[in-house]
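Coordinate inspection notes
One-letter residues, chain by chain:
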Amino acid sequence: MKKKITIVGAGLAGSLCALYLTKRGHNVSIFERRNDLRSEIITAGKSINLALSTRGLTALKKVGVDDEVMKIAIPMDKRIMHDDKGNLTEQLYGNDGQAIYSVSRAQLNVLMMKLAAKNGADLYFDEKCVEANLEQASVVFENTNTNQKQTVTSDLIIGADGAFSAVRKQMVEQYDHDFKYNKIDHDYKELHIPAGEDGTFLLDKNALHIWPRGEFMLIALANLDGSFTCTLFAPKKGEKSFEGLNSKLEVENYFITIFPDFLKLVPDLYCQWIANPTSGLGIIKTYPWHINDTAVLIGDAAHATVPFYGQGMNASLEDCRMLDELLEKHTDDLKSCFEEYSKSRKPNGDGLQDLSMQNFIVMRDNTADPAFLLQKEIEKKFSNLYPDKWIPLYSMVSFTNIPYADAWEIGMKQEKMMEEIMNTPNIEKEWKSDKIMQKMLSLV
Ligand SMILES: Cc1cc2nc3c(=O)[nH]c(=O)nc-3n(C[C@H](O)[C@H](O)[C@H](O)COP(=O)(O)OP(=O)(O)OC[C@H]3O[C@@H](n4cnc5c(N)ncnc54)[C@H](O)[C@@H]3O)c2cc1C
């Protein structure tokens, strides 16, 4: 039966979900708090480049929009690590032909909104959800320009309104759903490497650049115009933290000593430093993700995470695909559909969050560690010899649709086995021998 559906939030999850639902013939309206990004992209110093990987692409492909998205994406097949002397090392992410993709969040969002509108969804902007009756599927929106309120009633509300979701807030307050928000001790700030002359890229555009420095790190992803969007992740307090970075001298000294090759690429560093906000990061857990057959959460509203695995958006897009599969399975029985969705997706939301926290350590610490890079080489060799026995964790997460919870569990078992392998005497020389491959085979 065709439904009247209200989606709160025209972000990546809301727009893709609208595409899925209009394709099923439903009558979909999206209400978005911000102004219409399609006419003017305003990012307020948080332009954010996203790494799009296989599960995000799978979700886009199922509604036939992956080709459109690939036109604004730059493949990254490797990490390039910058040490404190400016020396570079590389690590391929997967096998030949495997890559993740750098894409501007705002550009992708505009594209997704256009595609949703083209497919029949109605979009309303400057409309902020301030209240909802989740059992009646009615939402009160306040216009952010006029302050005028309107109540919109439909058959179903989809809460796609991000980490600070107003729809989730109603679920938690009115129905006592579990809710936890854990802020981490690190903040982030965006910086920008401009394009060189004639729009040339000043760094290799087909890599995710990392300056790993233990407690903190800097990363850079390429944009289509030759520039790079960079993000510094550092502790809020303590030595070399945001706390001590205020004056021009403090900021420039910090970059000269810690990221010398970066400073050379950003002539107006301090102007950017004061213009761009310092923002927090955290993990949101909630449960269940639905009310009856009348309200359901998708994306960050259900499982916001820290950005260190580059999977928040990918998981949000995957939610839309999984919800669509369950709508197909349960046809008109939305209650069973949402129950199964909540139950099956929640462990994957948790898995995604565990993976994201663990990858922070990998990125900021391990990518600078020769033993870690060697371990990854050994795993890769074994995986190429026995692809049905071993997929490295990064590949499971980024190049397959294996559920996050399974990837996390398998990854932790693999890590234990690799500890044993890495303890083999003289492993730096021995690893190429058959003996090591045989030992791994016996362990799996
Ligand atoms: C620094 C950083 C780097 C990241 N890097 C990656 C990456 O590399 N790869 C990746 O996969 N993910 C990444 N992410 C995560 C990714 O950005 C999010 O997971 C993704 O945007 C979630 O999509 P969403 O649609 O659920 O939420 P959002 O994109 O937050 O969209 C929610 C929408 O709802 C609107 N809204 C909010 N409240 C209301 C309201 N009350 N009424 C109406 N509308 C409302 C908002 O304005 C917004 O448009 C990163 C995040 C950060 C912060």
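Keep in mind the model is a prediction, meaning the values are calculated, not measured. (Residues numbered from 1 in each chain as written. Predicted model: local features only at pLDDT ≥ 70, side-chain atom pairs only at ≥ 80, totals over all residues. Heavy atoms only, no water.)

1. Here we look at the sheet that holds strand β3 (residues 49–52)
On the basis of which strands lie adjacent, the open sheet formed by three strands has the order β3-β7-β4 and antiparallel pairing. The open sheet terminates on both sides in strands that have one partner only, identified here as β3 and β4 (74–76). Taken pair by pair, the neighbouring strands of this sheet meet at an average axis angle of 35°, ignoring direction. Where β4 and strand β7 (residues 100–104) come together, three bridges link them in antiparallel fashion. Each bridged residue has a counterpart across the sheet, and for P75 the counterpart in β7 is Y101. (Pairing = 2+ DSSP bridges. Helix = DSSP H or I, 4+ residues; strand = E, 2+ residues; numbered from the N terminus. Axes fitted to C-alpha atoms, helices over the stretch in contact; angles between N-to-C directions.)

2. As for the side chain of S154
Here S154 lies in the loop between β11 (149–153) and β12 (156–159). In terms of polar contacts, S154 uses its side chain to reach the side chain of T6, at 2.8 Å. Among the polar contacts made by the side chain of S154, one reaches the main-chain carbonyl oxygen of L156 at a distance of 3.3 Å. Setting aside its immediate chain neighbours within four residues, S154 contacts K4, I5, T6, Q136 and A137. (Polar contact = N/O pair within 3.5 Å; in protein donor to acceptor, adjacent residues only side chain to side chain. Contact = heavy atoms within 4.5 Å.)

3. Observations concerning the site of the ligand
The ligand sits among 30 residues. The nearest are E32, R34, A51, D300 and M313. In this structure, R34 approaches the ligand through a side-chain N or O atom, which is 2.7 Å from an oxygen atom. Within the side chain of N314, a nitrogen or oxygen atom sits 3.0 Å from an oxygen atom of the ligand. When the ligand is considered free in solution it has 1,000 Å² of accessible area, and contact with the protein chains removes 89% of it. Those elements giving two or more residues to the shell around the ligand turn out to be α1 (12–23), β3, β9 (127–133) and α10 (312–330). The biggest single contributor to the shell around the ligand is α10, with four residues. (Near = heavy atom within 4 Å. Areas by Shrake-Rupley, 256 points an atom, 1.4 Å probe, with all protein chains shown as cover.)

4. A few points about the layout of surface pockets
Think of a ball as big as a water molecule: rolled over the atoms, this probe shows where empty space is left. By volume, the second largest pocket is sized at about 640 Å³. Breaking the lining of the second largest pocket down by element, the ones donating at least two residues are β6 (88–92), α11 (334–364), α12 (370–385), α13 (393–399) and α14 (404–422). Among the elements that line the lining of the second largest pocket, the one with the most residues is α12, at nine residues. Here the residues of the lining of the second largest pocket sort into 13 nonpolar, 15 polar and seven charged. Each of domain 1 (4–72 + 103–179 + 283–359) and domain 3 (369–443) contributes no fewer than three residues to the lining of the second largest pocket. (1 Å grid on protein atoms, 1.4 Å probe; cavity = no way out; pocket = protein on both sides within 12 Å on 5 of 7 lines; lining within 4 Å. Points joined across faces, edges and corners; volume = space filled by probe spheres on them. Nonpolar A, V, L, I, M, F, W, Y, C, P; charged D, E, K, R; others polar. Domains from an automatic or database assignment.)

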